[in-house]
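Summary of structural features
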Amino acid sequence: MKVLVLSVTAGQGHNATGMGLMSYLEDLGVECTLLNTLKYISPVVGTSLDKGYLYIGRLTPKMNALIYNSAEKNLSRKNRTPSTDLYAPLLYKKLEKYILRYDPDVVVCTHLLAAGIMNHTREKGKIRRVPIVGINTDFAIHPYWEDANPDYLVVASSQMLPLAHKRGFEVQYVLPMGIPVHKRFGERTGKAEARRTLGLKDKRTLLMIGGSMGFGHVEEGLRQLYNLQGDYQILVVCGSNKALKRRLDKENVPGTHVYGYIDNVEVFMDAADCVFTKPGGLTVSECIAKALPMILTDPIPGVEERNMRYLLSNSMAIAAGGNVRLDDAVNTLFGDPQRLDRMCRMQRVCGCENGGRALAEWLVRAVPQGRMNVSGSWKKTR
C-alpha cells in the first residue's frame, strides 16, 4: 500500500499535519511520502503563497479576515465560478506526471488547494481513479472545501458533523477523527522529568507559544505575566521570529526562558502547566493530545477566530487579551480547580486526542478493500 500526502506551505501547520499522519503510517509498515504541492509544481507560486500568508497574518491581519469572510459569502452565491476552475487547470499537468510515476493507492490532502488540484488531475488527466482524502486542519470548515470535493473529509470532531451536513457534505464520507498530530504528542512524559530534560526548575510552568512564525503580542503579554503573584517560570517560544527573540533576550528577566525555533515542542508541553497560544488548528490539537490547559490569545482574524469560538463555547479553553489580562487569566484558571478539570474533560469529549493514529488505522483497513468512495463527498447542487 502506498500513500501520497499532498501539502501546501502556508505556515507550517499543513506540512506538520501530513508528517503527523505519516509518523503513524510508517509504524504500520505503509510506504508514504509527502509532496509540497505548489512548490513542486511552481516554486514561484509556492514561495509567494508562503510569504503572502506570513505578510497578511503578521502585518495586515484585517485583510486575512476580509479574504476569509468574502470566501464564505461567495459560497452562497448562485452561478458562481468554482474556485478550482481558477487555478487547477493551470497547475495539474506536472502533478499528473508525479502521480503516474509514484502510483499511490490513496492521496491524502492537508490543504484544500492541494485537494482541488488533485481532483482536477483525476478528472482531466490520465491517472487511475485513486481515492482522495482531505484533512480540514481547523475547528471550522474552510470555504471552498466544497469545490475541492475530496472523496472523504476529515474533521476535528464529531461536533462538526452537523455543520458538514449543512454545507452539503454526505455525512457518511465525513470522518470525525481529529486533526492528525505527530505520534510524539501521543506520548506523555511526567512534568518533573520534562523539566529536567529542559534544564528547568521543577515548579509551576507557563508556556507561551506563537506558532512557527512567532505571531502575537508576546512582549505585551509577558509584561502582564510579570505581575503574577507566586512562584512561576515562563517559557517563551518565538519560532522563526528572530527579532522578537533578540528583544526578549535583552530584557533578561529572571524566571523567563526565551527560545527561538524548537523541534521538541512536545517536551515543552509536557513541562508546562498551561499554554498561551494562538488558536491555530494544529497547535490546539497538539495541546489536546497532551491534555494541556489552554489560554487563547491573538487569533488571526478569519479561521482562528472561528477556532476560538468553537473552543470557548465547548469549555475547552479560556481566552485572554483585550479586556482580560494574561495574569488575570492565569489566576482564573488555577484558582478554580473545577473549571480546570472541566476544561480537560471537554478537551477529551469535543476534541480528538489521537487523530493521526485513527486516520492511519482507518486507511490501512479501508484502502486494501478497494471499495472506497471515489465520487466526491459533496453532493449539493451548485
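Coordinates for the structure precede this section.
Throughout what follows, the structure given in this document is the object of discussion. (Residues numbered from 1 in each chain as written. Predicted model: local features only at pLDDT ≥ 70, side-chain atom pairs only at ≥ 80, totals over all residues. Heavy atoms only, no water.)

On to the nonpolar core. The biggest cluster of nonpolar side chains holds 72 residues, and the ones touching the most others in it are Leu6 and Met118. Among the elements that make up this core, the one with the highest residue count is helix H5 (residues 84-102) (eight residues). Apart from residues no more than four positions distant in its own chain, Leu6 is found in contact with Leu35, Thr37, Leu95, Val107, Val108, Cys109, Thr110, His111, Ala114 and Met118. Judged by nonpolar contacts, the second largest core, of 25 residues, contains Met208, Leu225, Leu228 and Ala320. (Core = buried A, V, L, I, M, F, W, Y, C linked by side-chain atoms within 4.5 Å. Buried < 20%, exposed > 50% of the residue type's maximum accessible area, 1.4 Å probe, protein only. Helix = DSSP H or I, 4+ residues; strand = E, 2+ residues; numbered from the N terminus. Contact = heavy atoms within 4.5 Å.)

Here we come to empty space enclosed by the protein. The final tally for this structure, using the stated rule, is one cavity of 30 Å³ or more. Taken as a whole, the largest cavity spans an internal volume of roughly 30 Å³. (1 Å grid on protein atoms, 1.4 Å probe; cavity = no way out; pocket = protein on both sides within 12 Å on 5 of 7 lines; lining within 4 Å. Points joined across faces, edges and corners; volume = space filled by probe spheres on them.)

What holds strands together in a sheet is hydrogen bonding between their backbones, with the strands either parallel or antiparallel. Spatially, S2-S1-S3-S4-S5-S6 is the arrangement adopted by the six strands of the open sheet, whose pairing is parallel. Two strands close off the open sheet at either side, each with one partner strand: strand S2 (31-36) and strand S6 (174-175). Taken together, the six bridges between strand S1 (residues 2-7) and S2 define a ladder with parallel strand orientation. Bridge pairing links Leu4 to Thr33 in S2. Along the sheet face, helix H6 (residues 112-124) touches S1, strand S3 (106-109) and strand S4 (132-135) and points at about 150 degrees away from the line of S3. On top of the sheet, helix H17 (residues 355-366) reaches S3, S4, strand S5 (152-154) and S6; it is set at about 175 degrees to S4, its chief contact. (Pairing = 2+ DSSP bridges. Axes fitted to C-alpha atoms, helices over the stretch in contact; angles between N-to-C directions.)

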